[in-house]
Amino acid sequence: MNKFLFFQNAANDWNVYPLAKLKSVEGEDDALKFTFDVASGVDTISVTLDDDSDEILAMKAVAQLINKGPHSDGIIVIADDVNSVYAHSTMASVGAAA
């Protein structure tokens, strides 16, 4: 089964990307930046972390969630502002795809 990563920042504003298209996850100052290969080049989604959070712990939590099973519907929620569901407790919000 294919896995998909889910990001939502508003009721009608969400993105779902195939895990296979994940190019990188970069830690920045209080944020993680997810980059995906798409037909038009790349999309980037930033997930803001609480102030002074450990980006490496948040990245490890994402990796553990991706590798954990089962994902019966194939959807792995990374950040969902509408339902307050996040891959790690330090995640605070998700930005729009850029």
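For the structure itself, consult the block above.
Undergrad: Is there a simple way to explain the nonpolar core in this structure?
TA: The tendency in soluble globular proteins is for nonpolar side chains to be buried side by side. Core analysis: the largest hydrophobic core is formed by 18 residues, its most contacted members being Phe7, Phe34, Val62, Ile78 and Met91. Of all the secondary-structure elements, those providing two or more residues to this core are strand 1 (4-10), strand 4 (31-38), strand 5 (41-49), helix 1 (55-67), strand 6 (75-80) and strand 8 (91-94). With near-sequence residues (within four places) excluded, Phe7 lies in contact with Trp14, Asn15, Tyr17, Phe34, Phe36, Ile45, Val47, Ile78, Ala79 and Val94.

Undergrad: Even after reading the chapter, I still don't get a negative patch on the surface, so can you show me in this structure?
TA: A cluster of acidic side chains, namely Asp29, Asp50, Asp51 and Asp52, defines a negative patch on the protein surface. Assignment of secondary structure puts Asp50 in the loop between strand 5 and helix 1.

Undergrad: Is there a simple way to think about the packing of aromatic side chains in this case?
TA: Centre-to-centre distance and the angle between the planes together describe a pair of aromatic rings. All chains considered together, the criterion is met by five aromatic pairs. Taking the centre distance of 5.2 Å and the plane angle of 65 degrees together, the rings of Phe7 and Phe34 count as edge-to-face. Taken as a pair, Phe7 in strand 1 and Phe34 in strand 4 lie far apart in primary sequence, 27 residues in all. Phe34 matches Phe7 in its accessibility class, with the two residues each being buried. An aromatic cluster of three or more residues is present, and its members are Phe7, Tyr17, Phe34 and Phe36.

Undergrad: Hey, could you run me through the environment of Glu55 in this one?
TA: Position of Glu55 relative to the elements: it lies in helix 1. For the pair Glu55 and Ser89, spaced 34 residues apart in the sequence, the C-alpha separation amounts to 12 Å. Not counting the four nearest positions on each side in its chain, Glu55 is found in contact with Gly27, Glu28, Asp29, Asp30, Ala31, Leu32 and Leu49.

Reading the values: the criteria
Residues numbered from 1 in each chain as written. Predicted model: local features only at pLDDT ≥ 70, side-chain atom pairs only at ≥ 80, totals over all residues. Heavy atoms only, no water. Core = buried A, V, L, I, M, F, W, Y, C linked by side-chain atoms within 4.5 Å. Buried < 20%, exposed > 50% of the residue type's maximum accessible area, 1.4 Å probe, protein only. Helix = DSSP H or I, 4+ residues; strand = E, 2+ residues; numbered from the N terminus. Contact = heavy atoms within 4.5 Å. Patch = residues over 30% accessible without salt bridge, like charges linked within 9 Å, V, L, I, M, F, W, Y side chains within 5 Å. Areas by Shrake-Rupley, 256 points an atom, 1.4 Å probe, with all protein chains shown as cover. Salt bridge = Lys/Arg side-chain N within 4 Å of Asp/Glu carboxyl O. Lys, Arg positive; Asp, Glu negative; His and termini not counted. Charge placed at Lys NZ, Arg CZ, Asp CG, Glu CD. Phe/Tyr/Trp six-rings, centres within 6.5 Å; stacked < 30°, edge-to-face > 60°.

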